[in-house]
Each structure stands twice: as C-alpha cells, then as structure tokens.
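Coordinates in review
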Amino acid sequence: MIVAGLPFLSCECRRTCHDSALIIDRSAVRQMAGQAKMLFSLRSVPEDELRTIASGQTPAAYASSLELDALPPAFVAARALRWAAQGFPEPWSTAFLIIRHEDGRIVGGCGFKTPPRQGRVDVGYAVAPAAQKQGAATAALEMLVEVARGAGASELLAEIAPSNYASTRVVEKAGFQQVGERLDEDNEHVIQWLRSVA
C-alpha cells in the first residue's frame with residue numbers, strides 16, 4: 001500500500017509480552033534512488049516512563065538508544081498522564097516514541113494532544129535534529145492517522161507555525177489540507193491543517 005508517497009510494508013498493532021507498551025509496527029520505508037532508506041515504528045510510552053519524562057528525567061531503559069532531544073517534552077508526558085487520570089484510554093492518554101528500525105534508536109516522539117472532540121483529535125510530533133530529513137516525521141504521522149482511524153476518530157488537526165516549513169511539508173505529504181489559522185494558547189500564530197480519517 002502506498003500512502004503519501006511512502007510504501008508501507010506491514011502494519012501490526014500488538015502488546016509485547018515483556019511490557020505493556022502498545023507497538024505500532026508499520027514498517028515505513030522511504031524510497032530514495034530505488035533503495036529502502038529507513039524503517040520506523042511507534043511504541044507507546046508506559047505510564048511509569050511517562051511519569052519519569054514528566055519529571056524532566058530520561059527513563060533508564062532509553063539511555064543507550066536515545067538520540068539527543070528525541071524524547072517528548074515533559075509537558076507532553078504530563079498532559080498524557082492528565083488524560084489518563086481523567087479516564088481516557090490509549091491511544092489518547094499516552095505519547096509514542098518513534099523508533100528507527102535500522103539501529104533501534106529512538107529518534108522522536110508523537111501523539112495526540114487531545115482526546116476526540118466531536119471526532120476530531122489534535123496531533124503533535126517532533127524528531128531529533130540528528131534524525132530529521134529522513135522520513136521519520138512523515139512515517140510517524142501516517143502511523144498516527146492509522147491509530148486514530150482504528151480508535152474511532154474522524155479527523156486529525158495539526159497546528160503549525162507558518163515558519164515551520166519542514167512540518168508543513170510533512171502534513172502536506174500526509175494529505176492534510178489547510179483550513180484556517182489562529183493564535184494558539186501561547187499567543188503564537190499557527191496554521192491549521194486538517195485530514196479526514198473516516
């Protein structure tokens with residue numbers, strides 16, 4: 001299957017027997033000059049690790065496989081914990097790590113900023129500087145689309161600063177359409193991008 005220019009080889013959602021993390025294993029490969037360049041998957045962050053990240057620390061289990069600045073920020077982990085405390089299930093109450101299959105390294109994070117409101121969820125993603133321009137954000141966003149669809153959402157919203165050209169390209173490749181603009185909670189101008197997943 002080809003989605004947004006990326007051939008996807010497989011898609012499987014499962015819980016591993018050695019931990020409770022939800023694994024989204026959609027082996028996304030980017031084609032470059034006819035050769036597979038990178039593979040990615042998503043791994044949900046278990047609650048105990050979310051607590052560690054929310055406190056500003058790095059979970060010990062990640063130390064040897066983490067690219068610099070790849071973890072979700074503390075406020076993202078804290079937000080996921082708040083949604084969980086309010087009774088929202090995964091995938092709305094967690095964050096996901098973006099794993100590069102080539103070497104098993106954590107190269108970024110992504111997830112849903114909100115539980116569904118009238119079928120719409122907000123998405124966010126970030127990739128470590130050392131792993132940018134390798135297809136990780138595009139692959140992660142495509143996997144989030146599938147997760148949202150499978151969990152019953154009908155639309156995904158991404159809000160992006162006009163100066164963030166790389167992220168704009170990611171949402172365009174993923175089939176999002178520009179639908180508006182606004183000042184966000186930090187009083188920053190953002191462009192709103194929407195994709196139907198129903």
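Let us look at the structure shown here. (Residues numbered from 1 in each chain as written. Predicted model: local features only at pLDDT ≥ 70, side-chain atom pairs only at ≥ 80, totals over all residues. Heavy atoms only, no water.)

With respect to the packing of aromatic side chains
Keep this limit in mind: Pairs were defined over the aromatic rings of Phe, Tyr and Trp, the Trp ring being its six-membered one, requiring ring centres within 6.5 Å. Orientation was assigned from the angle between planes: stacked under 30 degrees, edge-to-face over 60, tilted for the rest. Burial here depends on accessible area, computed with a 1.4 Å probe over protein chains only, as a share of the maximum for the residue type. Under 20% is buried, over 50% is exposed, and the range in between is partly exposed. Strands here are runs of E lasting at least two residues and helices are runs of H or I lasting at least four, both read from the DSSP assignment and numbered beginning at the N terminus.
For the structure on display, the rule yields 2 aromatic pairs. Note on Trp 83 and Phe 88: the rings are 5.5 Å apart at their centroids and 90° apart in plane angle, and the pair reads as edge-to-face. Residue class for Phe 88 comes out partly exposed when judged on its relative accessible area of 31%. Ring geometry for Trp 92 and Phe 112: centres 4.9 Å apart, planes at 65°, overall edge-to-face. Taken together, the residues span a long stretch of sequence, with Trp 92 in the loop between helix H2 (74-85) and strand S7 (95-100) and Phe 112 in strand S8 (residues 105-112) at a distance of 20 residues.

Description of helix H3 (residues 136-150)
Condition: Here, expected helix span is obtained from the residue count minus one, scaled by 1.5 Å.
Here H3 contains 15 residues, and its C-alpha end-to-end distance of 21 Å stays within 8% of the 21 Å for a straight helix at 1.5 Å per residue. Within H3, 12 of the 15 residues are buried, which leaves the element mostly enclosed by the surrounding structure. Considered for burial, the residues of H3 that qualify are Ala 136, Ala 137, Thr 138, Ala 139, Ala 140, Leu 141, Glu 142, Met 143, Leu 144, Val 145, Val 147 and Ala 148. Residue Gly 152 follows H3 closely and has a positive phi angle near 100°.

Some words on the environment of Ala 77
What counts here: Any two residues whose heavy atoms approach within 4.5 Å are treated as being in contact.
Looking at the element boundaries, Ala 77 is found in helix H2. Residues Ala 77 and Thr 52, 25 residues apart in the sequence, show an inter-C-alpha distance of 8.6 Å. Setting aside residues up to four positions removed in sequence, Ala 77 forms contacts with Leu 50, Ile 53 and Ala 54.

As for the packing of helix H1 (residues 47-54) against H2
Our working definition: Every axis corresponds to a line fitted to the C-alpha atoms, with the helix fit spanning only the stretch in contact, and the corresponding angles, defined between N-to-C directions, vary from 0 to 180 degrees. Orientation labels follow simple angle bins: below 35 degrees gives roughly parallel, above 145 gives roughly antiparallel, 65 to 115 gives roughly perpendicular, and whatever is left gives oblique. In this scheme the crossing of two helices becomes right-handed for a clockwise turn of the near helix relative to the far one and left-handed for an anticlockwise turn of less than a right angle.
Look at H1 against H2: their axes get within 7 Å of each other, and the N-to-C directions meet at 135°. When the interaxial angle is binned, H1 and H2 end up oblique. Along this stretch, H1 crosses H2, giving a crossing that reads as left-handed. The segment H1 lies against H2, with Glu 47, Leu 50, Arg 51, Ile 53 and Ala 54 engaging Ala 74, Ala 77, Ala 78, Ala 80 and Leu 81.

Quick word on H1
As a reminder, the rule being used: The arc refers to the directions leading from the helix axis to the C-beta atoms.
Three or more residues of H1 are buried, namely Glu 49, Leu 50 and Ile 53. The arc that holds every buried residue of H1, seen down its axis, measures 105°, which confines them to one face. Residue Gly 56 follows H1 closely and has a positive phi angle near 90°.

Considering the nonpolar core
To keep it simple, the criterion reads: Think of a nonpolar core as a cluster: buried Ala, Val, Leu, Ile, Met, Phe, Trp, Tyr and Cys residues, connected wherever their side-chain atoms sit within 4.5 Å.
Within the largest apolar cluster, 34 residues are counted, with the highest numbers of intra-cluster contacts made by Ile 98, Phe 112, Leu 156 and Phe 176. The set of elements that each furnish at least two residues to this core consists of strand S6 (40-44), S7, S8, strand S9 (120-127), H3, strand S10 (155-160), helix H4 (165-173) and strand S12 (189-196). Residues within four places of Phe 112 in sequence aside, it is in contact with Pro 91, Trp 92, Phe 96, Val 121, Asp 122, Val 123, Leu 144, Val 147, Ala 148 and Leu 156. Counting 16 residues, the second largest nonpolar core, distinct from the first, contains Leu 50, Leu 66, Leu 71 and Val 76.

Structural notes on the packing of H3 against H4
Note the following rule: All residues other than Ala, Val, Leu, Ile, Met, Phe, Trp, Tyr, Cys, Pro, Asp, Glu, Lys and Arg, Gly among them, are scored as polar; the first ten of these are nonpolar and the last four charged.
Relative orientation of the contacting elements H3 and H4 amounts to 45°, with a least axis distance of 9 Å. What the angle tells us is that H3 and H4 run oblique. Where H3 crosses over H4, the two elements pack in a sense that is right-handed. Of the residues in H4, those in contact with Ala 137, Thr 138, Leu 141 and Glu 142 of H3 are Val 170, Val 171 and Lys 173. Taken together, the residues of the contact of H3 with H4 sort by class into 4 nonpolar, 1 polar and 2 charged.

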